Amino acid sequence: MNPARDSAPEPAPSSGASGSYGASSSSGATGSSGASGPGGAFGPLGFQLVLLRRMADHQPGLVEDALRELGVGKAEMREANRRWQAMLRAPGRRGAGPRYRSVLGPPDATGERRIGDLAFEASIWRLPLWPDLRFEVLAAPGGAVWNEWLVRAPGAPGPELRTVEDLRPWSCTVDEVARAFAPARPLEGTAPTRWRLAFTAPDAAGKRGEHVVEFTWGLLQRFV
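Bear in mind the structure is a predicted one, so any value in this text is a computation, not a measurement.

1. Thoughts on the packing of aromatic side chains
Two aromatic rings are characterised by how far apart their centres lie and by the angle between their planes.
Right, so step 1: The tally for this structure, following the rule as stated, stands at 13 aromatic pairs.
Right, so step 2: Judged by centre distance (6.3 Å) and plane angle (45°), the ring pair of Y100 and W125 falls under tilted. Placement of Y100 in helix α4 (residues 96–104) and of W125 in strand β2 (residues 118–126) is noted, with a sequence separation of 25 residues between them.
Right, so step 3: Look at Y100 and you get buried, because its relative accessible area is 1%.
Right, so step 4: For W125, a relative accessible area of 2% gives the class buried.
Right, so step 5: Pairing F135 with W217 gives two aromatic rings, centres 5.9 Å apart and planes at 55°, and the pair type is tilted. Here W217 lies in the loop between β7 (208–216) and β8 (219–223) and F135 lies in strand β3 (residues 133–139), a separation of 82 residues in the sequence.

This is the structure we're talking about:
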C-alpha cells in the first residue's frame, strides 16, 4: 500500500455520478444480480455488505444508515461476509482479479497506471452506495493484485481538506488525505483492509498538531 502514490489520471468511466452518499434507485443494489442470501448469486450488493461489515467496527451508525438505504439488515451483512470469507479460503479459489470480476462484473473502466518504474493495470467499478467513489484494483503484470480500495471517481469533486475538522468519517480517501497533508507517513493497519496515516495538520484555530487516522477499504473511518 502506498497512499502517497503518483497522482496519475484515473481510468475514465463510461459516465459520472454526483452526490456524496446514498443508494441510487436505478443502481441495481437489490434484485437477483446483487443477492447475497443462501444459494443466491453473490453480486454487487453482497460485496457492498462485505465492505460495510469491516467498517461497522468503527462506524456502526453510518453502517446502519447504509443498510437501511440498501434495504437489508445486519443478518444479511453477516451472511455476505461469511460467504466472502468462504470464497477467499475455498480450495482452488480464484485470484483476486478474477474474483472481483465474477462478483462485480466487467470493470467500468481499465487503464495503465504507472507508479515509479512499475506499470499496473487499474480496474474500477461503481458501487451504488458511494456514487462519488469507485472500487479500484491495481494488478501487477502476471495478475497479482497490489492494491484494492475505494478511490474518488474520475471527475467527481473531492472534499476541501484544510484542517483536522474537515476529516469526517467516510468523507475522504487515503490518497486525498495524503495529498492534503503531505508529507503523510503510512503506518501498518490493524487488518489487511485497513491503513493508517500519520501527518501534521492545523485545527480550525490554526494550531498544528500530529495526528493519525485510520481507513477501511481506503475510506476514512476515525482518528486513532
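Now that the structure has been shown, the text picks up again.
2. Topic: the pairing of strand β6 (residues 194–202)
Right, so step 1: Counted residue by residue, β6 has eight buried out of nine residues, so it is predominantly covered.
Right, so step 2: The pairing of strand β5 (residues 185–187) with β6 spans three bridges and is antiparallel. If you follow R185 over to β6, its bridge partner there is A198.
Right, so step 3: In this antiparallel pair of consecutive strands, β5 and β6, the connection spans six residues.
Right, so step 4: Direction of pairing for β6 relative to β7: antiparallel, over a ladder of nine bridges. Each bridged residue has a counterpart across the sheet, and for W195 the counterpart in β7 is F215.

3. Observations concerning the sheet that holds β6
Right, so step 1: Across the sheet, which stays open at both edges, the four strands sit in the order β5-β6-β7-β8 with antiparallel pairing between neighbours. The outermost strands of the open sheet, each flanked by one partner alone, are β5 and β8. Neighbouring strand axes in the sheet, compared pairwise and without regard to direction, differ in orientation by 35° on average.

4. Comments concerning the nonpolar core
Right, so step 1: F47, L49, L52, M55, Y100, W130 and F135 are the most contacted members of the largest nonpolar core, which has 32 residues in total.
Right, so step 2: Counting residues per element, the ones that place at least two in this core are α1 (44–55), α2 (60–70), α3 (74–89), α4 and β3.
Right, so step 3: Not counting the four nearest positions on each side in its chain, L52 is found in contact with V63, A66, L67, L70, M77, L129, W130 and W170.
Right, so step 4: V151, V174, A178 and L197 belong to the second largest nonpolar core, which has 18 residues in total.

5. Some details on the sheet that holds strand β4 (residues 145–152)
Right, so step 1: The strand order across the open sheet formed by four strands is β1-β2-β3-β4, and the pairing between neighbours is antiparallel. In this open sheet, the two strands that pair with only one neighbour each are β1 (109–115) and β4. Strand-to-strand twist of the sheet, defined as the mean angle between neighbouring strand axes without regard to direction, takes the value 30°.
Right, so step 2: Note: β2 against β3, six bridges, orientation antiparallel. Paired with E121 across the two strands is A139, which belongs to β3.
Right, so step 3: Along the sheet face, α4 touches β2, β3 and β4 and points at about 20° away from the line of β2.

6. Observations concerning the side chain of T193
Right, so step 1: When you line up the elements, T193 lands in the loop between β5 and β6.
Right, so step 2: Here the side chain of T193 touches R54 through a polar contact of 3.5 Å, side chain to side chain.
Right, so step 3: Ignoring sequence-local partners within four residues, the contact set of T193 consists of R54, F215, T216 and W217.

Definitions and limits used
Residues numbered from 1 in each chain as written. Predicted model: local features only at pLDDT ≥ 70, side-chain atom pairs only at ≥ 80, totals over all residues. Heavy atoms only, no water. Phe/Tyr/Trp six-rings, centres within 6.5 Å; stacked < 30°, edge-to-face > 60°. Helix = DSSP H or I, 4+ residues; strand = E, 2+ residues; numbered from the N terminus. Buried < 20%, exposed > 50% of the residue type's maximum accessible area, 1.4 Å probe, protein only. Pairing = 2+ DSSP bridges. Axes fitted to C-alpha atoms, helices over the stretch in contact; angles between N-to-C directions. Core = buried A, V, L, I, M, F, W, Y, C linked by side-chain atoms within 4.5 Å. Contact = heavy atoms within 4.5 Å. Polar contact = N/O pair within 3.5 Å; in protein donor to acceptor, adjacent residues only side chain to side chain.

Spatial relationships are all this shows, so hold off on functional conclusions.
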